[in-house]
Every structure is written in structure tokens, then in C-alpha cells.
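Geometric and topological summary
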Amino acid sequence: MDRRTEPNRSAIYATTLVAFLAIAGIAVVDPILPAIGEAIGVTAWQVELLFTAYISVMAVGMIPATLASGRFGFKPVLITGVSVVGVAAILASFSNDIVQLSVLRGVWGLGNAMFFATAMVVLVNLANDREWVVGLFETALGLGFAVGPLLGGLLGEVSWRLPFFVCGVFMVLALAVAARRLREPATRQAPVRVGEIFSTYRKPAFVTLCVVTAAYNFVFFVVLGYTPLFLHLDVVPLGLAFTGWGLGLAAGILLVGHRLAHRIGAVQTVGVAVVGLLVCMVLFATSSGTAESLAVLVLSGLFMGLANANLTDLALGLGSGDRRVATGAFNLVRWGAAAPAPIISGKLAEHGLALPFWVGFGVLGVGVLVYLAFAHVMAAGYGERVLWSRWNRAAAGAERAPEEPVGEAY
């Protein structure tokens, strides 16, 4: 589709820029996790509270944020979310202990829930080409994950507090963009009821997607939350390492994810992603040195990019016809499953540095088994086919073939 036919390009690009700044603000924290632990004297699992508090509140906050967007409109909720993140980030830069930091990260997560519950729905409702805006949004997230760690590493070399403060500045910029450029969709939608969100879980195809996504997102935050501690690198090298991971993520979204989906389908592309990430968990757990771990980190980013390029689109296609309901139900599972991953990883690391990756392998292994058993259900709901369902039909046809003459005799 010719992008010139998009009447709301300015608002779409503005929303995407806000998404980029929001993710870059999250990712600046990654390289400074070890430095925070050393500076305020806490253990690995305690420093992982910064991720778990953030993700937990974000997951729970998706529901009220979705309800609020139906009552007050998308733009006010989104702008409020960006403002909350900015205030929490700036206050976090003045914190002195892990409790203060964790509480402020929780507030930060609430602000991001307001943003993520509304941003994708705004984009999809403003655009004529849904696939384009989903790809644009996921690409912005990938680039944010690439740029954020680089800034976090460089700024964290000065002080672990500086990345938090700069994140707050990012949000002020995002607020300025949002206030000037964001637009409400032309058609005002009816308020969302809580029952509508939970009724989405009655759809077998959507439930299958949620189970696979839950396992995947758990592992996503094992990598994002625990690997900075596992690598034992200084702040700047750690920032560069996660910049490489972010570039792999962006490449998986922008260069490979949608193209592969056009060739083999979105459902089978997600299958490639989760199986590839499963292999990465084994490679992480058995890596013999830093160089190998860094290579696996970038490779895992690529597979995560393949997944991220298609999961949101699948959720919109398999969930409720109301995109607010679909994204609310999907994000509740997506982030809720991710919340325990960092703190579990921190506790497991006390018993073995590779143990979090083996547990991640087990969790994702369950997701892969569910995928293999029920991917055909997702594919049917999305208008696709998976290869092994064709094999099953061929085998069933071969088994019925000898019986056909018997049927004719009757």
C-alpha cells in the first residue's frame, strides 16, 4: 500500500516516536543493574526487583488502563502514562535504597501500562494498513531496545543515577510530542467492560497464543533481566552488549519477521522463533566463555524479533473484534507471565549461574509443546495452515484409502 494514502501519517509517526522513547527509557536501566547492586549493597535477586516490580504493576495496570481509555479517550490516558513515567524516572535518580527504587519502578510500570494499553490501538485505528503500523510499532520497540542500553552504558559510567534522570528527560520530550501531535481516532468507541476482556479467553486459538506468549515472555525477561548479571561486564561493555542484542531484535522485526511470515505464515514464524530461542537457552546455560555468551545474546535477540514481529498481529487477529479488548487481554498475559522471571532468576543464580537458563528452557519447552499440539488451531483462526496439519491430513487420507472399496461394496 502507498503510504501517501495514509491520512494520519503525522499522528502515526508521533505515536511511534513516543513508543521509541518509552522503550529506550526502559532499556537504559539494563547495563546499570550490576552497578546499582554494588552501589546500594543488595543481592542479585533484590536488584531484580527493579524489573519484577515494574512488570507486575504494568501487567495489572493494563486492565484499568484499557477501561480508562474507553471512558476518557486514548490521548488523555496515553499522555497521563507518559507523564507518570517521566516523574517516576526522575525521582528514581534520587533514590537511596532498593525499596524506594522498586516502588518508583512500580509507578513507572503503571505509567507504561497506560501507554501500551492505548498506543497500539491508536495506531491501528488511525491507519489504513494494519500490518504496516504494527511493523512500525514493533520496529520502534526494537530500536529503543538497541539505543537504550548504549545510552545507559555511556551514562552509567558517570553514575548509575544519570540514566534514570535522562529517561525522565526522554519522557518530557515524549510528552511534548504527544501533546502536540497525537490524535484520537475519528470514531469514538463505547466504554470497555471488564467482562469483555476476560471473555476473550474463551477462544481456543487466543488461549493457545496466550500460553505460547506467556512462556516466551518469561524467557524474554530471563534474558533481559538476568543476563546483565550473568555476563559480569563493566557498565560500558554491558551497554554495548545489549545494544547488539537490541540490533538483533530490530533486525528480526524489520528485516526478517514479516518477510518470513509472508512466506510461511505468521503462526509458523512464531514457531521458528520459540524453537530458536529454546536452543539459545541451552547455549546460554552451556556457554564456555564471554564471547560465546555475547554471540548467543545477539542470536536470541534475532529470534525474539521474529516473535515480536508477529505476536501482536496474531493477538489482534485471534482476539476480540474490539482491538482495545484484544490488546488488554493479551498484554495482561504477556506482561503477567514475564513479571516473576527476573526475581526467580536472581534467586536461582544463588544456586548456580546457569540454572536460570535451564529453568527458562523448561518453561519455554512447555510453550513449544503447546505450540506443536495446537498451532493448527491458531492457524485456522488466522486463515493460515501449518505444515504438519497437512501431513496429518495426508496420513489420514492414506489410512482411509483402503477402506473406500469396502464402502462401495455396500
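None of these values were measured; they are calculated from a predicted model. (Residues numbered from 1 in each chain as written. Predicted model: local features only at pLDDT ≥ 70, side-chain atom pairs only at ≥ 80, totals over all residues. Heavy atoms only, no water.)

1. Quick notes on the pattern of salt bridges
Per the stated rule, a full pass over the model turns up one salt bridge. Between Glu-350 and Lys-347 there is a salt bridge, with its nearest N and O atoms 3.8 Å apart. Judged by relative accessible area, Glu-350 falls into the partly exposed class, the value being 45%. (Salt bridge = Lys/Arg side-chain N within 4 Å of Asp/Glu carboxyl O. Buried < 20%, exposed > 50% of the residue type's maximum accessible area, 1.4 Å probe, protein only.)

2. Focus on helix α11 (residues 235-264)
For α11, spanning 30 residues, the distance from its first C-alpha to its last is 40 Å, which sits close to the expected 44 Å at 1.5 Å a residue. A positive backbone phi angle near 100° is found at Gly-265, which sits one or two residues after α11. (Helix = DSSP H or I, 4+ residues; strand = E, 2+ residues; numbered from the N terminus. Expected span 1.5 Å × (residues − 1).)

3. So, unusual backbone geometry
With a phi close to 55°, His-232 is a non-glycine residue in the positive phi region. If you trace the backbone, His-232 turns up in the loop between α10 (204-231) and α11.

4. A look at empty space enclosed by the protein
Taken as a whole and assessed by the stated rule, the structure comprises three cavities of 30 Å³ or more. Each pocket or cavity is described by its volume, and for the largest cavity that value is around 240 Å³. Contributing to the lining of the largest cavity are 18 residues, with Phe-116, Glu-138, Leu-141, Arg-334 and Trp-335 lying nearest its centre. Secondary-structure elements contributing two or more residues to the lining of the largest cavity are α6 (98-126), α7 (130-156), α10, α13 (290-318) and α14 (323-338). (1 Å grid on protein atoms, 1.4 Å probe; cavity = no way out; pocket = protein on both sides within 12 Å on 5 of 7 lines; lining within 4 Å. Points joined across faces, edges and corners; volume = space filled by probe spheres on them.)

5. Remarks on a nonpolar patch on the surface
Side chains of Phe-94, Phe-165, Val-169 and Leu-173 sit close together on the surface and give an oily, nonpolar patch of about 380 Å² of accessible area. Along the chain, the position of Phe-165 falls in helix α8 (residues 161-181). (Patch = residues over 30% accessible without salt bridge, like charges linked within 9 Å, V, L, I, M, F, W, Y side chains within 5 Å. Areas by Shrake-Rupley, 256 points an atom, 1.4 Å probe, with all protein chains shown as cover.)

6. Details of the layout of surface pockets
Estimates place the volume of the largest pocket at around 370 Å³. Lining the largest pocket we find 21 residues, and of these Leu-33, Pro-34, Ala-35, Glu-38 and Leu-229 sit closest to its centre. Sorting the residues of the lining of the largest pocket by element identifies α2 (33-40), α3 (44-47) and α10 as the ones contributing at least two each. With five residues, α2 is the largest single contributor of residues to the lining of the largest pocket. Across the lining of the largest pocket, the residue classes tally to 15 nonpolar, four polar and two charged. Approximately 280 Å³ is the volume attributed to the second largest pocket. In this structure, the second largest pocket is lined by 12 residues; those nearest its centre are Glu-131, Trp-132, Gly-135, Leu-254 and His-258. (Nonpolar A, V, L, I, M, F, W, Y, C, P; charged D, E, K, R; others polar.)

7. Thoughts on α2
Within the span of α2, buried status applies to Leu-33, Ala-35, Ile-36 and Gly-37. As for α2, its buried residues are in contact with α3, α4 (49-72), α6, α8, α10 and α11. Once α2 finishes, Gly-41 follows within two positions and takes phi at roughly 65°, a positive value. (Contact = heavy atoms within 4.5 Å.)

8. Concerning the environment of Glu-138
Mapped onto the elements of the fold, Glu-138 is located in helix α7. Each C-alpha atom of the pair Glu-138 and Leu-254 lies 8.2 Å from the other, and the pair is 116 residues apart in sequence. If we skip the residues at most four places from it in the chain, Glu-138 touches Ile-253, Asn-308, Thr-312 and Arg-334.

9. Focus on the confidence of the model for the protein chain
Interpretation of the predicted coordinates at a detailed level should be avoided for regions scoring low in pLDDT. For the protein chain, per-residue confidence averages 82 on the pLDDT scale, and 91% of positions sit at 70 or higher. Helix α18 (residues 404-409) is the least confidently modelled element of the protein chain, averaging 35 in pLDDT, while helix α12 (residues 266-286) averages 96, the highest of any element. Note on residues 394-410: pLDDT under 50 across the span, and zero contacts to partners over four residues away in sequence or across chains. (pLDDT = per-residue confidence, 0-100.)

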